[in-house]
Amino acid sequence: MAQVDVPLVRSQFGQTSRADHWWVQPVVVFLGLSTFIVYSTWAALQGQHFRFGPYLSPFYSPELIGDPLHAWFGAKPDWMPAWVTAAVLVLWAPGGFRVTCYYYRGAYYKAFWADPPSCTVGEPRKKYLGERSFPLILQNIHRYFLYLALVFLIFLAHDV
């Protein structure tokens, strides 16, 4: 059987022999995630228009503070900063899970950090250190955020 020797040569950032448009997917993911981050931040911080009749936005479920008739703890206390809304009190748990789960890591590593930009495309870094050092070691807390996010799924199921 014939044998072909293929040397492994480190290529420069973005360098590839791929003929396809490999950069389209990371750009679309970057634009989509960026749009969602901007929208969700606005929706969480504005603290209004999250209820329509009997329907409650998932960002605000369960409604911990806000409307004295529906919120678990009543109206928002006067001492609480304006940026603390019911959504801010809720979104940290499912948001923490999404940011640290494997699927999203694969998407935003490529889209935001170009690490790797795509398969068989040169990377911006010299060597791979893994998730053993700060700040990437924090990614390992995803299992704890999963447990917290599952609690919020119970509330969302109840709302449905």
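Use the structure listed above.
Position numbers for residues start from 1 in each chain and track the written sequence from start to end. For this predicted model, a pLDDT threshold of at least 70 governs which residues receive local features, and a threshold of 80 or more governs which side-chain atom pairs are given and counted, while totals over whole chains, interfaces and linings are taken from all residues. Where side-chain values are given, they derive from all heavy atoms of the structure, hydrogens and water being excluded.

Asks: So what's going on with the overall build of the protein? Which residues, and what values?
Replies: Counting its regular elements, the protein contains four helices and two strands. Taken against the 2.2 N^0.38 rule, which gives 15 Å for 160 residues, the C-alpha radius of gyration of the protein at 22 Å runs more than 25% over that of a compact globule. Exposure is judged per residue with a 1.4 Å probe applied to protein chains only, and the accessible area is read against the type maximum: over 50% gives exposed, under 20% gives buried, and values in between give partly exposed. Taking all 160 residues of the protein together, 27% fall into the buried category. The criterion used for residue contact is that any of the two residues' heavy atoms lie within 4.5 Å. A separation of at least 24 residues holds for 59% of the contacts in the protein among residues at least 6 apart in sequence. Accessibility throughout is a Shrake-Rupley quantity obtained with a 1.4 Å probe, and a residue counts as covered only by protein chains that appear here. If you sum the accessible surface of the protein, you get close to 11,900 Å²; carbon and sulfur atoms cover 69% of it. Helix and strand assignments follow DSSP, with helices taken as H or I runs no shorter than four residues and strands as E runs no shorter than two, numbered in order from the N terminus. Just to be clear, the radius of gyration here is over C-alpha atoms, and the globule rule we use is 2.2 Å times residues to the power 0.38.

Asks: Which residues make up helix α2 (residues 86-100), and what are the values?
Replies: In this model, α2 (15 residues) spans 23 Å end to end at C-alpha, consistent with the 21 Å of a helix rising 1.5 Å per residue. At every residue, the bend is computed as the angle between two fitted axes, covering the seven residues ending there and the seven beginning there respectively. At Trp92, α2 shows its maximal bend, which comes to roughly 40 degrees, and the proline Pro94 appears one to four places after that position. The complete set of buried residues in α2 reads Ala86, Ala87, Val90, Ala93, Gly96 and Thr100. What a helix should span is 1.5 Å times the count of its residues minus one.

Asks: Could you give an account of the packing of aromatic side chains, naming the residues involved and the relevant values?
Replies: Here a Phe, Tyr or Trp ring, Trp counted by its six-membered ring, pairs with any other such ring whose centre lies within 6.5 Å, and the pair is stacked when the planes are under 30 degrees apart, edge-to-face when over 60, and tilted otherwise. If you walk through the whole model with that rule in mind, you get six aromatic pairs. Between Tyr39 and Trp42, the ring centres sit 6.0 Å apart and the planes meet at 40 degrees, which makes this aromatic pair tilted. Here the residue Tyr39 and the residue Trp42 both occupy positions in helix α1 (residues 24-46), the gap between them amounting to three residues, near one helical turn. Seen in terms of ring centroids, Phe50 and Tyr60 are 4.2 Å apart; in terms of plane orientation they differ by 10 degrees. Their pairing is stacked. Placement of Phe50 in the loop between α1 and β1 (51-52) and of Tyr60 in the loop between β2 (55-56) and α2 is noted, with a sequence separation of ten residues between them. No difference in accessibility class separates Phe50 from Tyr60, as the two residues are buried. What links up through ring pairs into an aromatic cluster is the set Phe36, Tyr39, Trp42 and Phe59.

Asks: Describe the nonpolar core, and please don't skip the residues or the numbers.
Replies: By size, the foremost hydrophobic cluster in this structure holds ten residues: Ala43, Ala44, Phe50, Phe59, Tyr60, Ile65, Met80, Val84, Ala86 and Ala87. Going through the elements one at a time, α1 and α2 are the ones with two or more residues in this core. When sequence neighbours within four positions are dropped, the list of residues in contact with Ile65 reads Ala71, Phe73, Gly74, Lys76, Met80, Val84, Thr85, Ala86 and Leu89. In these notes, a set of buried Ala, Val, Leu, Ile, Met, Phe, Trp, Tyr and Cys residues joined through side-chain atoms within 4.5 Å is what counts as a nonpolar core.

Asks: Can you break down a nonpolar patch on the surface residue by residue, with the values?
Replies: Patches draw on residues past 30% relative accessible area with no salt bridge. Two like charges within 9 Å are joined, as are two nonpolar side chains (Val, Leu, Ile, Met, Phe, Trp, Tyr) within 5 Å. Any Lys or Arg side-chain nitrogen located within 4 Å of an Asp or Glu carboxyl oxygen qualifies as a salt bridge. On the surface, a nonpolar cluster with roughly 1,200 Å² of combined accessible area is contributed by Trp23, Val24, Val27, Val28, Phe30, Leu31, Phe36, Ile37, Tyr39, Trp42, Phe112 and Trp113. Among the secondary structure elements, those contributing two or more residues to the nonpolar patch are α1 and α3 (102-113). The biggest single contributor to the nonpolar patch is α1, with nine residues. For Leu31, a relative accessible area of 49% puts it in the partly exposed group.

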